[in-house]
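Residues per chain are reported as follows:
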Amino acid sequence: MHSLSVSGQPSLLCQLEWKSLNQVPDSHIWPPDLLHHHPTSNIIPPSSSMPIIDLTAADSVLIPLVGRACETWGAFQITGHGVPLRLLDLVEAQTCRLFSLPSAHKLRAQRCPSGGVTGYGPALISSFFSKLFWSEGFTIVGSAQEDARKLWPNCFNDFCSAMEEYSKGMKDLSRRVIVLMLRSLGLSEEDIDEVGPLRGHDEVEPVLQLNYYPPCPEPDRTMGLADHTDSSLITIIHQSSCVTGLQLLHHDESDNPRPQWVEVPPILGALVVNVGDLFHIISNGRFHTVIHRAVVDRTWSRISVAYFCGPLAHFKVGPIQKIVDPNHGPAYPGITWPKYLSLKKKLHNETLASIRLPLAAKRQDDEKKVL
Ligand SMILES: O=C(O)CCC(=O)C(=O)O
Ligand SMILES: [Fe+2]
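Here is a short report on the structure shown in this document.

What counts and what doesn't
- Along each chain, residues carry numbers from 1 onward, in the same order as the chain's sequence is written.
- Whichever chain is written first becomes A and whichever ligand is written first becomes 1, with later ones labelled in order.
- Owing to the predicted nature of the model, reporting of local features is limited to residues with pLDDT of at least 70; listing and counting of side-chain atom pairs is limited to 80 or more, with chain, interface and lining totals taken over all residues.
- Excluded from the side-chain calculations are hydrogens and water; all other atoms, namely the structure's heavy atoms, are used.
- The cutoff for a nearby residue is simple: one of its non-hydrogen atoms must lie within 4 Å of the molecule or strand.
- Polar contact criterion, stated in full: a pair of N or O atoms within 3.5 Å, where within protein one must be able to donate a hydrogen and the other to accept it, and residues adjacent in sequence count only if both atoms are side-chain atoms.
- For accessible areas, the Shrake-Rupley method is used with a probe of radius 1.4 Å. Any residue's cover is judged against the shown protein chains and nothing else.
- Every helix listed is a DSSP run of H or I at least four residues long, and every strand listed is a run of E at least two residues long, numbered separately from the N terminus.
- Charged means Asp, Glu, Lys or Arg here, nonpolar means Ala, Val, Leu, Ile, Met, Phe, Trp, Tyr, Cys or Pro, and polar covers whatever is left, Gly included.
- Metal sites are built from N, O and S donor atoms within 2.8 Å, or 3.2 Å for Na, K and Ca, and they leave out water, so they may look incomplete.
- Relative accessibility thresholds used throughout: buried, under 20% of the residue-type maximum; exposed, over 50%; partly exposed, between the two (1.4 Å probe, protein chains only).

### Details of the site of ligand 1
Near ligand 1 lie 13 residues; those nearest to it are Asn211, Tyr213, His292, Arg302 and Ser304. Measuring from an oxygen atom of ligand 1, one finds a side-chain N or O atom of His228 at 3.1 Å. Separating an oxygen atom of ligand 1 from a side-chain N or O atom of Asp230 is a distance of 3.4 Å. When the free accessible area of ligand 1 is taken as 300 Å², the share hidden by the protein chains comes to 96%. Among the elements of the structure, β7 (207-213), β8 (225-228), β13 (292-294) and β14 (302-309) are those that each provide at least two residues to the shell around ligand 1. At four residues, β14 tops the list of elements feeding residues into the shell around ligand 1. Across the shell around ligand 1, the residue classes break down as six nonpolar, five polar and two charged.

### Some words on the coordination of the iron ion (ligand 2)
Octahedral metal centres with six donors ideally show angles of 90 or 180 degrees, and tetrahedral centres with four donors ideally show 109.5 degrees. At 2.1 to 2.3 Å from the iron ion (ligand 2) lie its protein donor atoms, namely His228 (NE2), Asp230 (OD) and His292 (NE2). Mapped onto the sequence, the residues coordinating the iron ion (ligand 2) show the spacing H-x1-D-x61-H. Grouping residues by exposure puts His228 and Asp230 together as buried.

These figures come from the coordinates and say nothing about function on their own.
Here it is in structure tokens:
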């Protein structure tokens, strides 16, 4: 069977029986300049490590820590978040169960080739690249029932109830993290109710992306998931606890003239929070939307489960007025999540730049010139 990727190019993903390969096929060999266009930090741990924040601390301690992490890294790990290890293990076990199915079986829930979002297939961003990723994905928006039924017609309940319980845990946690982030921008609890992207948070459909990265005989020649930013407000990632893979592009200006790929070390029970494009917009560019990617390992497979938290579909996300410097004005216009996603589908990593507004000062100059 021949499957098609979103771009209409043949995708070999589903034909690859990963275990039987002792070298990477040409379809999955990435040009070195794409793999190594930024150096990888070989100092472990790097001189300044990605922040790890224990959420059991008082809000007065957490707010500045979270704000600083969002400004300098655009990401941080959280411990003490209250999501039980049992639930993290459960969601990981059900994810393994799914990806362990034979290829032909997984293809029954294949993402609709003409642009579907949910179901099994390569990562959605793979359509931007001519080479394929060394990974498989499964996307859930709202309920997993319809796709899970195709995989396990008589026993989809365990999978669905694990994903539901996990999504509920992530929804509550994302609210807590977003409140801390907004507070760090100087908003009060009342401001947050007024302006907040959290309005209707409970009704927003959860979006989960399950990723599987098989062991790879030549990990340095291929890519698990290419560099990208997430379109969400924030993303919360659970990663397998014993194998590295997630890397962030970090620029420590005091240390290095160039940005470097820095590994996100897996910590048992910790979760990774990424600032997404929409929070970058809300913060008027103050919070860094983090470029990240996943590399693969020679010996070990790796699982990650990403929860994308966004606002209600009709909510226009724009820079919060209270924090916009009147001399410079907003850096972005208001935009809804669906509209942003439709631009991102076309422009990938250029999307933010495509909607960025000229500085108010520059706008005034330009207007004077026209007059
Ligand atoms: O596998 C990972 O750790 C990263 C996953 C990710 O970035 C994504 O699904 O958007
Ligand atoms: Fe991501």
